[in-house]
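# Geometric and topological summary
The chain contents come next:
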Amino acid sequence: MSDNGADTLCPFEPKIIGFLCRWCSYPGADLAGTNRIKYPPNMIPIRVMCSGRVDPTFVIKALADGADGVLIAGCHPPADCHYQSGNIKAMRRYPLLLKMLEQFGIEKERVRLEWISASEGTRFAQVVAGMRETLQRLGPLNWRVGQAFQPAEGEVQ
Amino acid sequence: MSAKPKVAFYWCASCGGCEETIVDLNEGILKVVEAVDIVLWPVALDFKRRDVEAMADGEIAVSFINGAVRLSEQEEWVELLRRKSNLVVAFGSCAHLGGIPGLGNVTNRELVFERKYTAVPTIDNPTRIFPSQVVTVDGHTLELPRFYDTVKTLGQTVDVDYYLPGCPPPSNLVWDAVTAILEGRLPEKGAVLAPNKPLCDTCSRNETKPETLAIKGFKRVATSTPDPQECFLAQGYVCLGPATRSGCGERCINANMPCRGCFGPPDGVVDQGAKFLSAIASMIDATDGEEVERIIGGIEDPLGTFYRFSLPSSLLGRTRIATGG
């Protein structure tokens with residue numbers, strides 16, 4: 001009945017979209033690679049110029065189009081941002097976005113904002129592994145499947 | 001017997017305000033009637049579905065349809081009108097974006113019925129009688145339309161040629177659209193028949209908008225009165241101007257009410273609510289998490305405020321329907 005896979009032989013592997021800032025978090029992910037730190041392959045990285053460039057539209061579109069979770073990662077506040085205040089903008093948008101997503105019925109644990117510097121390869125790997133675990137517990141989001149405009153049956157009284 | 005182009009008006013899930021806007025053309029309506037034959041207008045004229053069914057496909061030059069689509073009957077009507085019409089214009093916010101009825105997408109059919117037929121204080125319904133789709137009385141079978149869980153826009157139901165935004169669309173835009181169609185000056189298919197600048201660009205209060213907007217706390221028009229000249233955002237009122245198309249004539253602004261977003265976003269913005277969230281959150285004047293949380297606490301209902309008119313047309317479309325439970 002449930003397809004969250006918790007009790008099946010083939011565990012559910014969540015799809016995570018990662019928006020990684022070009023100056024800190026993407027090099028951080030790169031470092032995880034060059035250091036051969038193992039982490040689960042669930043995250044598809046998208047390099048952006050700054051966490052402040054991550055329009056909430058991107059996050060919502062990822063969730064609407066099949067992602068189970070979204071990671072936004074940028075430079076440590078207050079002062080690491082290459083553009084001075086982009087990470088602060090991300091920090092201001094994030095809680096309001098979570099508040100609104102919860103109204104939509106999307107658990108706030110599905111979207112994470114993390115500060116990962118270029119030297120934190122290990123931390124990057126931990127964040128991805130942690131997110132995978134959280135999402136496995138929550139199960140798939142399946143927005144398009146679950147949100148078919150009109151249910152085919154069971155609608156009529 | 002005339003060769004005048006045929007025009008139809010129809011309404012789905014709406015309040016009737018869009019019909020009012022046509023009446024507001026005043027003497028202009030006489031010019032419209034001079035130029036066209038109105039073949040369907042349920043609010044004012046007595047035509048039946050069979051009259052429309054009897055027409056040839058494409059016989060109606062243009063159908064103006066207002067309202068969102070929530071019932072199977074509305075779906076049938078708009079599909080019929082689509083077949084019979086050369087052009088279909090989504091008239092007003094509800095047909096364009098889902099509008100106020102579209103906020104029904106935060107709930108579903110069961111909860112709407114529960115509220116409407118039992119929970120409302122003025123309802124006394126101890127045996128819990130709900131509308132059924134099929135009822136048999138004295139051997140006669142009566143059928144009611146299906147009531148869907150999800151409200152759709154007109155464009156999500158049938159192919160739409162043009163959109164006239166607004167709640168309701170202002171008469172001058174209606175007039176421009178009607179004359180453009182009559183004179184064959186048609187824009188690209190799918191166009192929104194209104195200017196393509198954000199409202200802030202034309203807002204009379206734009207001059208008072210500071211270079212950088214910094215909001216320390218949100219205010220509500222329900223509990224305080226805005227200054228009649230100053231930019232609403234500068235005062236801390238949630239005003240959807242930055243993410244909303246202009247052309248409305250600033251009726252709300254002139255009545256000292258912040259923009260609520262009925263014109264929808266300008267071209268290129270996929271999701272009005274998300275875009276506005278992006279804008280308003282960046283104006284929050286705080287650099288630590290706790291302070292940000294405190295200020296955000298002033299926005300009680302982000303979903304209902306940012307998607308007041310556009311929920312069905314948004315990327316997520318509605319709240320999550322529980323599955324498998």
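Think of each chain on its own: its residues are numbered from 1, step by step along the sequence as written. Think of it this way: whatever chain is written first is A, whatever ligand is written first is 1, and the rest follow in order. In keeping with the predicted nature of the model, local features appear solely for residues at pLDDT of at least 70, side-chain atom pairs appear and are counted solely at 80 or more, and the whole-chain, interface and lining totals rest on all residues.

## Considering the overall build of chain B
Only DSSP runs of H or I reaching four residues or more are called helices, and only runs of E reaching two or more are called strands; each is numbered from the N terminus. If you tally the helices and strands in chain B, you get 13 helices and nine strands. We compute the radius of gyration over the C-alpha atoms and compare it with the globule rule, which gives 2.2 Å times the number of residues raised to the power 0.38. What you see for chain B is a C-alpha radius of gyration of 22 Å, in line with the 20 Å of a compact globule of 325 residues. The principal-axis extent of the C-alpha atoms belonging to chain B is close to 70 × 55 × 35 Å. Contact between two residues is assigned whenever their backbone-derived C-beta positions fall within 7 Å. In chain B, once contacts between residues fewer than 6 apart in sequence are set aside, the share between residues at least 24 apart is 76%.

## Considering the interface of chain A and chain B
Counting residues at the interface gives 31 residues for chain A, matched by 33 residues for chain B. Counting residues per element, the ones that place at least two in the side of chain A that touches chain B are helix 2 (56-64) and helix 3 (86-104) of chain A. If one sorts the elements of the side of chain A that touches chain B by residue count, helix 3 of chain A sits on top with twelve residues. Partitioned by chemical class, the residues of the side of chain A that touches chain B number 16 nonpolar, eight polar and seven charged. Throughout this entry, Asp, Glu, Lys and Arg are counted as charged residues, while Ala, Val, Leu, Ile, Met, Phe, Trp, Tyr, Cys and Pro are counted as nonpolar. The remaining residues, Gly among them, count as polar.

## Examining the packing of helix 3 of chain A against helix 12 (residues 289-296) of chain B
Helix axes are fitted to C-alpha atoms over the stretch in contact, other axes to C-alpha atoms as well, and angles between N-to-C directions run from 0 to 180 degrees. Axis separation between helix 3 of chain A and helix 12 of chain B bottoms out at 9 Å; the angle between their running directions is 45 degrees. Classified by the angle between their axes, helix 3 of chain A and helix 12 of chain B sit oblique to one another. The crossing of helix 3 of chain A and helix 12 of chain B is right-handed. Judged by residue contacts, Met91, Arg92, Pro95, Leu96 and Lys99 of chain A of helix 3 of chain A engage Gly289, Val292, Glu293 and Ile296 of chain B from helix 12 of chain B. Taken together, the residues of the contact of helix 3 of chain A with helix 12 of chain B sort by class into five nonpolar, one polar and three charged. Roughly parallel covers angles under 35 degrees, roughly antiparallel covers those over 145, roughly perpendicular covers 65 to 115, and oblique covers all other angles. Put simply, a crossing is left-handed when the front helix is turned counterclockwise from the back one by less than a right angle, and right-handed when it is turned clockwise.

## So, the sheet that holds strand 2 (residues 37-40) of chain B
Residues and elements named next belong to chain B. Note on pairing: DSSP must find at least two bridges between two strands before they are called paired. If you trace the five strands from one edge of the open sheet to the other, you get 2-1-3-5-9, paired in parallel fashion. Two strands in the sheet have a free side with no partner beyond their single neighbour: strand 2 and strand 9 (162-164). Strand-to-strand twist of the sheet, defined as the mean angle between neighbouring strand axes without regard to direction, takes the value 30 degrees. One ladder, built from three bridges, connects strand 5 (residues 85-91) with strand 9; its direction is parallel. For Val89, the partnering residue across the bridge sits in strand 9 and is Tyr162. Contacting strand 1 (6-11), strand 3 (60-66) and strand 5, helix 4 (residues 72-84) runs over the sheet at an angle of about 135 degrees to strand 5. Sheet strands touched by helix 7 (residues 171-182): strand 3, strand 5 and strand 9. Its angle to strand 9, the strand with the most contacts, is close to 155 degrees.

## Regarding the sheet that holds strand 1 (residues 16-21) of chain A
All names here are of chain A. Pairing in this open sheet of four strands is parallel, and the strands run 2-1-3-4 from one edge to the other. Two strands bound the open sheet, and with one partner strand each, they are strand 2 (43-48) and strand 4 (111-115). Within the sheet, the average angular offset between the axes of one strand and its neighbour, ignoring direction, is 20 degrees. The pairing of strand 1 with strand 2 spans six bridges and is parallel. Bridging across to strand 2, Ile17 finds its partner in Ile44. In this fold helix 2 packs onto strand 1, strand 3 (69-74) and strand 4, with an angle of close to 150 degrees to the strand it touches most, strand 3. Along the sheet, helix 3 contacts strand 3 and strand 4; its crossing angle with strand 4, the most-contacted strand, is approximately 160 degrees.

## Focus on the pairing of strand 3 of chain A
Residues and elements named next belong to chain A. For strand 3, the tally of buried residues reaches six of six residues, placing the bulk of the element in the interior. Of the two faces of strand 3, the one lined by Gly69, Leu71 and Ala73 and the one lined by Val70, Ile72 and Gly74 are each fully buried. Pairing analysis gives five bridges linking strand 1 to strand 3, with the strands arranged parallel. From the neighbouring strand, Leu20 faces strand 3, where its bridge partner is Ala73. In the sheet, strand 3 pairs with strand 4 via five bridges, with the strands oriented parallel. The partner of Gly74 across the bridge, within strand 4, is Trp115. Classification remark: right-handed applies to a crossover when, strands pointing away from the viewer, the course from the first strand over the helix to the second runs clockwise. For the handedness criterion, the β-α-β arrangement of strand 3, helix 3 and strand 4 is classed as right-handed. With C-beta atoms placed from the backbone, a residue is buried if 20 or more other C-beta atoms are within 10 Å of its own, exposed if 12 or fewer are, and partly exposed between those counts.

## Points about the confidence of the model for chain A
For every residue, the pLDDT score states the predictor's confidence, bounded by 0 at the bottom and 100 at the top. Summing up the model confidence of chain A, the mean pLDDT is 89 and the portion of residues at 70 or higher is 86%. pLDDT under 50 marks residues 149-157 of chain A. Its contacts with residues more than four places away, or in other chains, come to twelve contacts.

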